[in-house]
Structures are given as C-alpha cells and as structure tokens.
Amino acid sequence: MNQQEILRYSPKELLNIYPFLEAFFAGQSWILKLDQQQKLGLLLEQVDEEQQEDYAFDKADFIGQLSDFISQMETFMGKKDKAVETLMVLPGQNKSGEAETFSELIFKTQTITSIVGPTGSGKSRLLADIEWVAQADTPTMRRVLINNEKPDTSWRFSGNKKLVAQLSQNMNFVMDLSVIEFLELHAKSRMVANSDELIRRIIDAANELVGEKFERYMPITSLSGGQSRALMIADTALLSQSPVVLIDEIENAGIDRKKALKILTGEDKIVLMATHDPILALMADQRIVIKNGGIYKVIQTSEAEKAMLAELEKADQKLQLLRMSLRQGEILAE
Amino acid sequence: MNLVTISGPPSSGKTAVTIKAAENLMKRGVKVGAVKFDCLHTDDDLAYEKAGIPVKKGLSGSLCPDHYFVSNIEAVTDWGIKEGFDLLVSESAGLCNRCSPYIKEIKAVCVIDNLSGINTPKKIGPMLRMADIVVITKGDIVSQAEREVFAAGVYAVNPGAIIMHINGLTGQGAYEFSTLLYDEKIKIDTLKGRKLRFSMPSALCSYCLGETRIGESYQMGNVRKINLDEKA
Ligand SMILES: Nc1nc2c(ncn2[C@@H]2O[C@H](COP(=O)(O)OP(=O)(O)O)[C@@H](O)[C@H]2O)c(=O)[nH]1
Ligand SMILES: [Mg+2]
C-alpha cells in the first residue's frame, strides 16, 4: 500500500487490515481518538497548526513513517528468510597483526561450540564480529558468511532481526509482570499468532530444567536464580528470532545444564558458550581457544575427551549430593 | 567536519556510548571534539576531557534548553571547524521529552536504555521518532526477551531508524557504532541556513517570563488548563 492509498482508508480499516499497527498508533493515540470511521486523509486535513504543535506531530512525517512501517512489517511477516544453517568465520588477524592460522571455522545449527581464553583475550570481539557479520571491516579483519554467502546488511541495522541472542550472567528480570504476561508480551512483540500453545511449551520446558517448579502466575521478579535462568533459556530457545545463542557461563546452580543445552540445540540454534568449566566445555562439539585477540586454535572434542566427560559428571553429581546433605545438616559419608 | 547530535533521556548512556565510540575513532586518527548542552549542571565535560576529547559546555540556566541549543549550535560548529576536528559530537539531554533539536541532514542519534520501561519509546516523541540511529544501552542488566520487547517498541515508533545495542560500560557494539558516525566524504562548513527537523513549541506564558506566584490572576499569554472532567 503506498502513501496515497493509505490516506484513503480510515484508521479503523487500517487496523483491521494490519493488526500490527496497534503498536504504531499507540505512539500517536490521539489520532485514534478522532473519528475512526473517517478516511485518514480527511482526518489529517483537519489537524490544525495548534494540534500539530501540541502533539509534536508532522503530517508528512507521519504518513511517511506509517507507510514505511507497513511495508517493512509486510516483508518481515510475509517473507520467510532462508533459515540460517551455517555460519562461517574466515581468518583475520590478532592484536599484534599476525594472521590467524585456522583455515575456516564453521558453526552449524544444533551444535555447540565452547569458547575459552582469559578475560580480555578477545572473546567479546569474536562475538561482536559475528553479530556485525564482519566483512573485513573490524579490527580483526575477519569475515563472516551465512549459509556460505556474504550476508546482506539488514543483519546489522534492523531492529527486529538480530543474529545473536545473548544469555548473559545476569539472572534478574526488571519488568514487573507475571510469567504468563511476560511471555505474552514477548510473543506479541514478535507478532506470533496463537501464542498460547507456545507459551505453555516454554513454561514446561523451563520447569524441566529446575528442581522447584514455578507457576505461570508468579511475578518474574520473584523467581529464584535458577528459575529465572531456566525461563530465560526456554524463552530464548523457543521465542527468540535469533539463530545464534551466546551463553556466558552457566553456573552449576539450580539448573540442569545438559538439558538446557539440549533445548537450545533442539530448536535449531547455533550455540556458542563462553566457559571455563570442563564439564560444559566437553559437552561442546568443538572449542575455540582465543589468545591475544585472535583465534589461536580450533579443537574438535575427541572421543577420549568425551570419555572423560562421563567421569567428570559422576564426580560432579557426587559433589552436588554432598552439598545438599551438608545444607540439610547431615553427616557426610561416602 | 562531521557533526553528529546525540540526545536521549538523562542517564541513558549518551556520554558513555559517545566516549567509547570516540575512542575507536581516535585510534584510527580521527580528531574528535565534543560539546555538552545541559540545563543546570553537568560533569560530562570532565568525562570527555579525561578521555582526551576537547570539550565545551553550555548551560541554559533559566532558558528552555532546546531553544538554547538552537541559538548556539552554529557558533559551536564554527568553533569545531576552527579547532580542526574531523568530527564534532553534540550531546544534549532530552529534558522535556518533546523537542528534538535535530537538524535536517545532520546525523541524529537518540540513546535510550533498556531499563526505562517498555512504554518509554511511545512517550519520547520526536527525539526518538526522528532520529537516524537509535542506540539502546544497558542490555547487560535485562534478559534477552526484555531486550527484544524493548527493541520492538522502538521499532514501532521509528521504523526507519538503524537500531543498535551498545553496552556503555564494556563498549560492546561501540566500534560498529563509530563506523556510522564518521564519514570522510561529509564536509560541513557552516550551519547557517539549515533547518530544524521539527519546530519547537511556541509556549509563552507569564511563568516563562519569571512569574512565581500561583493563581488564575497571574496567568497571562498561552495558558492551557488540565481537563479534570475527562474520563480516562
Ligand atoms: N550497566 C550499564 N550501565 C551503563 C551502560 N551505559 C551507561 N551506563 C551507566 O549509566 C550511567 C549514566 O551514563 P551516562 O553516559 O552518564 O548517561 P547520559 O546522562 O545519558 O550521558 C553511568 O553510570 C554509566 O556508567 C550500559 O550499557 N550498561
Ligand atoms: Mg551525559
């Protein structure tokens, strides 16, 4: 619909055709208080100087943005972008300007890559290169390909299409909403129709990860650390649009980490995980070692390493049990 | 010289993000200067200075800060050119959330933070609606879902803008942002004759002129009354 055509509809008709306009009109809600049956063109003609000033409103600007919004949303909802299946990083250089020696680094959906290296070694830079789909235009000179092709720049600039979702170490929510309201809001912002079923799945998935289950009506700010973390993971797996998920260390507290990773890979995510925990690192299919701002090594997790994992997990479980007995005032024994 | 205007609510991270971006540009040999417009007080000049960025500050005092901005930006631009900056950044707080002292064809950035509440994008007005780039900060304090919901709110208000997430503390995203701030090809010699993107309010009442007494009989000029009968 072009600008001229838009003017021939009333706000009410427009809302019927494009329900997503609710959010746009909400910013200019006084327009909707006007006679909704009248054509927008006519309504705008009646807006006088004083009203324009009062509502900080500019007609041409309004119509321009309205038509931009409609066309962008139509593309966003109509066109199914080809799913991101692989991400490839081509070598650049480290902080000293020395070329990185790996030939190529491939991330596939459903796989986990761990990233190790001291703080400040360049982990965030690697992530930023991916997020920005670098084309030899960042300090590392790396290039990032999506599905083996040079990606278009919309990944960089668009507000509702981001390559990377991040699960940071922060475990708090700030919104004052219940679990269900929170998920509904997120689903709405993503224009998900019939979100009830999806929301139920998210809550179930999150509750699979924690010992103590939470209810849908609980305020998100009242959830325990583990419960918040579980909800964030399940929500990111099932409701975030970003194909890549970066996890910044999952503490070994109150959450089933193996299942958490399964949920993410099960939803076709590419999982990157910054960690120094051997158990997590071994759960990954490959690991990247970062040194002096560059990728120093790419290691495929070998069978021998995987064999160690079982042992480590057993030791870890034992430690957890002992911790629980300690908390309950029991005498520790084998 | 390039000129960029940065605005946004108080404490949204304007100074933090600007300094992080400027540091990246200075590493590339770009000469950056700054000017800070505020109302009563600012320490931002110290922060810029500490980062090695030459800075001027202007306090509007009892005047409308946005009117003050427009009356001074031309002279400040001349100062920047004289100093030989490649890029001059002007930071001002959006004090009444209405005005956007953005100038046509001059890059306009609005900085808002994830903590400000999901309805904030709707409330901000032209400052957000007319920006070319919207920077969202403090993503480190909220969850992925909250970031997505907030960004969707910004998008609904300004669908044409470039929306970027930047961490003002760690500088994550600032390098990328800096590449959008400076363009070698842009040469601004003067602001004379340029226009604001949006007109400012013409409100002029007795209180603008220094009246302090409260009461109907002291009110003159452009006065408007709250409607207490209106149903919400
Ligand atoms: N956690 C966090 N704090 C930030 C971020 N950006 C800025 N801040 C902090 O927010 C406060 C206000 O930032 P400042 O740049 O002075 O805001 P301004 O008033 O808009 O210039 C400072 O204490 C900053 O350190 C961010 O991305 N994350
Ligand atoms: Mg500041």
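Thresholds, definitions, all that
- Residues numbered from 1 in each chain as written.
- Chains lettered and ligands numbered in written order.
- Predicted model: local features only at pLDDT ≥ 70, side-chain atom pairs only at ≥ 80, totals over all residues.
- Heavy atoms only, no water.
- Contact = heavy atoms within 4.5 Å.
- Buried area = accessible area lost by both parts, 1.4 Å probe.
- Polar contact = N/O pair within 3.5 Å; in protein donor to acceptor, adjacent residues only side chain to side chain.
- Helix = DSSP H or I, 4+ residues; strand = E, 2+ residues; numbered from the N terminus.
- Nonpolar A, V, L, I, M, F, W, Y, C, P; charged D, E, K, R; others polar.
- Patch = residues over 30% accessible without salt bridge, like charges linked within 9 Å, V, L, I, M, F, W, Y side chains within 5 Å.
- Areas by Shrake-Rupley, 256 points an atom, 1.4 Å probe, with all protein chains shown as cover.
- Salt bridge = Lys/Arg side-chain N within 4 Å of Asp/Glu carboxyl O.
- Buried < 20%, exposed > 50% of the residue type's maximum accessible area, 1.4 Å probe, protein only.
- Donors = N, O, S within 2.8 Å, 3.2 Å for Na, K, Ca; no water.
- Near = heavy atom within 4 Å.
- Core = buried A, V, L, I, M, F, W, Y, C linked by side-chain atoms within 4.5 Å.

Some thoughts on the interface of chain B and chain A
Accessible area lost on assembly of the parts is the figure often given for the size of an interface.
Move 1: With 41 residues of chain B at the contact, the number on the chain A side is 51 residues.
Move 2: When chain B packs against chain A, the two sides together hide about 3,600 Å² of surface, and 55% of this comes from carbon and sulfur.
Move 3: Where chain B meets chain A, there are 11 residue pairs in polar contact (both at pLDDT 80 or more).
Move 4: Of all the secondary structure elements, the ones that give two or more residues to the side of chain B that touches chain A are helix H5 (126–129), helix H6 (144–157), strand S7 (162–165) and helix H7 (174–181) of chain B.
Move 5: Broken down by element, the residue count for the side of chain B that touches chain A peaks at 11 residues, all from H6 of chain B.
Move 6: Among the residues forming the side of chain B that touches chain A, the class breakdown is 24 nonpolar, 8 polar and 9 charged.

Overview of a nonpolar patch on the surface
Move 1: Residues Val 174 of chain A together with Leu 115 and Ile 141 of chain B make up a contiguous nonpolar surface patch of about 210 Å² in total accessible area.
Move 2: Relative to the helices and strands, Val 174 of chain A is located in the loop between strand S5 (164–167) and helix H10 (179–189).
Move 3: Val 174 of chain A sits in the partly exposed class, given a relative accessible area of 38%.

Considering the coordination of the magnesium ion (ligand 2)
All names here are of chain B.
Move 1: At the metal site, the magnesium ion (ligand 2) is ligated by Thr 15 (OG1), Asp 44 (OD) and Glu 91 (OE), and these contacts range over 2.0 to 2.1 Å.
Move 2: All donors to the magnesium ion (ligand 2) come from one chain, and their sequence spacing reads T-x28-D-x46-E. A residue pair is termed long-range when its members are at least 10 positions apart, and Thr 15 in helix H1 (residues 14–27) and Asp 44 in helix H2 (residues 44–50) qualify at 29 residues. In this structure, Thr 15 and Asp 44 share a single accessibility class: buried.

Some words on the site of ligand 1
Residue and element names in this part refer to chain B.
Move 1: If you check the shell around ligand 1, you find 17 residues, and the closest are Ser 11, Lys 14, Thr 15, Ala 16 and Gly 168.
Move 2: The separation between an oxygen atom of ligand 1 and a polar side-chain atom of Glu 91 is 3.1 Å.
Move 3: Taking 580 Å² as the accessible area of ligand 1 by itself, protein coverage stands at 74%.
Move 4: Per element, the largest residue contribution to the shell around ligand 1 is 3 residues, and it comes from H1.
Move 5: Grouping the amino acids of the shell around ligand 1 by side-chain chemistry returns 6 nonpolar, 7 polar and 4 charged.

Description of the environment of Lys 122 of chain B
Move 1: With respect to the helices and strands, the residue Lys 122 of chain B is situated in helix H4 (residues 120–124).
Move 2: A relative accessible area of 36% means that Lys 122 of chain B is categorised as partly exposed.
Move 3: A C-alpha to C-alpha distance of 7.9 Å links Lys 122 of chain B and Val 154 of chain B, two positions 32 residues apart in sequence.
Move 4: Apart from the residues lying within four places of it in its own chain, the contact partners of Lys 122 of chain B are Ala 26 and Gly 27 of chain A together with Val 157 of chain B.

A short note on the nonpolar core
Move 1: Residues Val 179, Leu 183, Ile 202, Leu 231, Ile 247, Leu 261 and Leu 264 of chain A are the most contacted members of the largest nonpolar core, which totals 46 residues.
Move 2: Taken together, the elements giving at least two residues each to this core come down to H10, helix H11 (196–209), helix H12 (225–239), strand S6 (244–248), helix H13 (257–266), strand S7 (270–274) and helix H14 (278–283) of chain A together with H6 of chain B.
Move 3: No other element matches the 8 residues that H12 of chain A contributes to this core.
Move 4: Counting residues in hydrophobic clusters, the runner-up holds 41 residues, among them Tyr 18 and Met 73 of chain A together with Met 127 and Ala 131 of chain B.

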